[in-house]
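This is what each chain is made of:
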Amino acid sequence: MKKLCYSFLILICALFAACSRSESIESINETQLFTVPYGNFEEQISVKDLNGVGGIRYGIFMRDGFFYIVNGDSQKIMELNSYGDLLTIYYNEESEISELLDNSKRNAQSVHNKIAYPFDYAGMLSVDSKKNIYAVCSVPRDRQEQSEDETMLYSQTVLRIARDGSSVEYIGQQGPGGTPFPFIKNIYTTEKDELVVVGTSTQGVMVYWFATDGFLKYKIPVSEKSIPKLSGSEEGAEYFVTIDNVIPDPSSYLLYVKIDYYSTYIDEESKVQSGINYLQTLLYPLNIEKSTFEEPVSIPPFEESVVADYSRLTYKIPYDFLGVTKSGWKFFIIKNDDGFTIQMIQSESQKILRRHFTAAHNNILFDFMTLSSSGILTAIYLEKEAARVVWYRTDSLIESILKN
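Since this is a predicted model, take the numbers as computed values, not measurements.

Draft legend 1. Quick look at the overall build of the chain. Looking only at helices and strands, one finds two helices and 31 strands in the chain. Split into buried and exposed, the 404 residues of the chain put 52% on the buried side. The contacts in the chain between residues at least 6 apart in sequence include a share of 50% that link residues at least 24 apart.

So, in C-alpha cells, the structure goes:
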C-alpha cells in the first residue's frame, strides 16, 4: 500500500455559527417496536447473568425495516420484522439452542439455519443490501495466531452468512480463510456492499476494506503520529492526541477519523502537572484512494454547567462518534443522566442539529445503539423483565428541518 501523505488544512469556523450555544435542545420521541423475552428458546434472548452485564456479547442492526439481533451467550443470530416476529435464526450446530431445536417437535426448518463453524459471536454485526449477514466472532484457541514480534494476538474473524444460510465462510485479514484479525472495534457494510473492518493495532487503528468478493482491497493504518499537527499550536507545545473512532463513509472511499486533543494542566501554585485539559475535537476525512487527509471539521463539545460554592463551572466534554449516513450527516452522541444527547452535523451545508431523547438508565441494565445509513437510530435496551427494541426517527427530523 502506498505511503500516506498528509496535508494540513485550515479549520472550518463557519460551522459554529450554524447553532448558537443558547439554543434549546428539543427532544426526540422514542418509538417502542417490540420486546424480546429472556430464555433459551429460539424466539428468546439468553442472558447468563444480568448482574454482570459487562460480559454480555449482544448487538443489534437494522436494515430496510428488518432487525438482526446477535446473542453471543447462545451463539445465535435472530432476524425479526418490526412487530418482533421471528423470521430466521442462525445458530451454531453445537450450541444449546441447537440441541433444544433438535429435540423439539416443531416443524420450522425453513427458518432454522445451522452453522458448522465453532465460533463465539462477539456482538458486532452488519447486513448488506443482499441480506448477507456479517458477524464478528472469536475463533477457537487452536486457530489463534500471534504477530511476528509477539505483541499482538489475532483472535477474531468475520463470519459471512448468505441470506438463506446456504453459504457460510469466514473472512480474515486477506479475505476468505485469511489470518484472523486483532481486536475488532466494529464492522460496516457500504452502499456498494463492501465490508469494512475497523480493528486495533499496537500503533493505533487498522482499517481493512474488502471488495464485494470478500478479498482485501485497502489496508489503512491510522496512528497518532500520522495525524496532522494542531492548528495554532506553538512550536514545542505539548498536547495529547486520542483517536476516538474511525468510521467509513457509506457511499465513497473516505474514512472519518475523530481526534480528541488534550493539553497538560499545570497547577499554578506547585508548578507541577496535575492533569489534562480538553482542547477540541476534529473530524478528519481520509481519502483512501489519494492517501491524504482532507480539511478537518471542528466538532463542538457537549457543555455541562455545575453550580458549586455560589459559582458556575462549565465543563466541555467530547461527544462519541456514532456514525455517518449516506446523505453525509455525521452523528455524535453522549449519555446524560436522563437519556442521551445527539449532535448531527452536515459539514457540506454547515448545519448542526442537537436533540435529546429520554432514557431511564436506572431501568436499563445494558444498552446498544446503531445508526442506519438512512439516519435511523435503533437501540436495544436490556431491562429486568425483557429486552426492548426502540428507534428514533432522526431521518424524518432531518428531512422536515431541511424542507423548512
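Draft legend 2. Quick look at empty space enclosed by the protein. Tallied over the full model, the rule gives one cavity of 30 Å³ or more. Estimates place the volume of the largest cavity at around 40 Å³. Lining of the largest cavity is provided by Thr190, Lys192, Glu194, Trp209, Asp249, Pro250, Ser251, Ser252 and Tyr253. Counted by class, the lining of the largest cavity contains three nonpolar, three polar and three charged residues.

Draft legend 3. Summary view of the pairing of strand S27 (residues 339-346). The buried fraction of S27 amounts to eight of the eight residues, a majority that puts the element mostly inside the structure. Here eight bridges tie S27 to strand S28 (residues 351-358), and the two strands are oriented antiparallel to one another. Bridging from a neighbouring strand, Met344 pairs with Leu353 of S28. The loop that links S27 with its antiparallel partner S28 comprises four residues; one of these, Gln350, has a positive phi angle of about 55 degrees.

Draft legend 4. Region of interest: the pattern of salt bridges. In the structure shown here, the tally under the stated rule is eleven salt bridges. Taking the shortest distance from any N to any O, the salt bridge between Arg160 and Glu169 comes out at 2.1 Å. Look at Arg160 and you get buried, because its relative accessible area is 13%. Among the ionic pairs, Asp367 bridges to Lys335, the shortest N-O distance being 3.2 Å. Here Asp367 is found in strand S29 (residues 364-371), whereas its partner Lys335 is found in strand S26 (residues 330-336), with 32 residues between them in sequence. Shared partners join several salt bridges into a network, and the residues in it are Glu30, Glu383 and Arg388.

Draft legend 5. Local environment of the packing of aromatic side chains. Enumeration over the complete set of coordinates arrives at 14 aromatic pairs. Aromatic pair Phe321 and Phe332: ring centres 5.0 Å apart, planes at 20 degrees, arrangement stacked. Here Phe321, found in strand S25 (residues 320-324), pairs with Phe332, found in strand S26; they are eleven residues apart in sequence, far enough to count as distant. In this pair, the class of Phe321 matches that of Phe332, namely buried.

Draft legend 6. A look at the sheet that holds strand S14 (residues 184-189). Spatially, S14-S15-S16-S17 is the arrangement adopted by the four strands of the open sheet, whose pairing is antiparallel. A strand with exactly one partner marks an edge of an open sheet, and here the two such strands are S14 and strand S17 (216-223). Ignoring which end each strand starts from, the neighbouring axes of this sheet average 15 degrees apart. Here strand S15 (residues 195-200) pairs with strand S16 (residues 204-210) via five bridges, running antiparallel.

Draft legend 7. Broad picture of the side chain of Arg388. Relative to the helices and strands, Arg388 is located in strand S31 (residues 386-392). For Arg388, a relative accessible area of 15% gives the class buried. At 2.9 Å, the side chain of Arg388 forms a polar contact with the side chain of Glu30. Looking at Arg388, its side chain comes within polar contact range of the side chain of Gln32, at 2.9 Å. With sequence-adjacent residues up to four places away left out, Arg388 is seen in contact with Glu30, Gln32, Phe34, Thr35, Ala379, Ile380, Tyr381 and Glu383.

Draft legend 8. Fine view of the layout of surface pockets. Approximately 1,100 Å³ is the volume found for the largest pocket. Taken together, 46 residues form the lining of the largest pocket, with Asn186, Leu322, Phe368, Met369 and Thr370 sitting closest to its centre. Mapped by element, the contributors of at least two residues to the lining of the largest pocket are strand S3 (58-63), strand S8 (120-127), S14, strand S18 (239-248), S25, S26 and S29. Looking at the lining of the largest pocket residue by residue, the class counts come to 23 nonpolar, twelve polar and eleven charged.

Draft legend 9. Seen up close, the sheet that holds S8. Judged by pairing direction, the sheet is antiparallel, and its four strands sit side by side in the order S8-S9-S12-S13 without closing on themselves. The open sheet has two free edges, formed respectively by S8 and strand S13 (168-171), since each of these has just one partner strand. Each strand axis lies, on average, 30 degrees off the axis of its neighbour in the sheet, ignoring direction. Examined bridge by bridge, strand S12 (residues 156-161) and S13 share four bridges and lie antiparallel to one another. Directly across from Ile161, in S13, lies its bridge partner Val168.

About the thresholds
Residues numbered from 1 in each chain as written. Predicted model: local features only at pLDDT ≥ 70, side-chain atom pairs only at ≥ 80, totals over all residues. Heavy atoms only, no water. Helix = DSSP H or I, 4+ residues; strand = E, 2+ residues; numbered from the N terminus. Buried < 20%, exposed > 50% of the residue type's maximum accessible area, 1.4 Å probe, protein only. Contact = heavy atoms within 4.5 Å. 1 Å grid on protein atoms, 1.4 Å probe; cavity = no way out; pocket = protein on both sides within 12 Å on 5 of 7 lines; lining within 4 Å. Points joined across faces, edges and corners; volume = space filled by probe spheres on them. Nonpolar A, V, L, I, M, F, W, Y, C, P; charged D, E, K, R; others polar. Pairing = 2+ DSSP bridges. Salt bridge = Lys/Arg side-chain N within 4 Å of Asp/Glu carboxyl O. Phe/Tyr/Trp six-rings, centres within 6.5 Å; stacked < 30°, edge-to-face > 60°. Axes fitted to C-alpha atoms, helices over the stretch in contact; angles between N-to-C directions. Polar contact = N/O pair within 3.5 Å; in protein donor to acceptor, adjacent residues only side chain to side chain.

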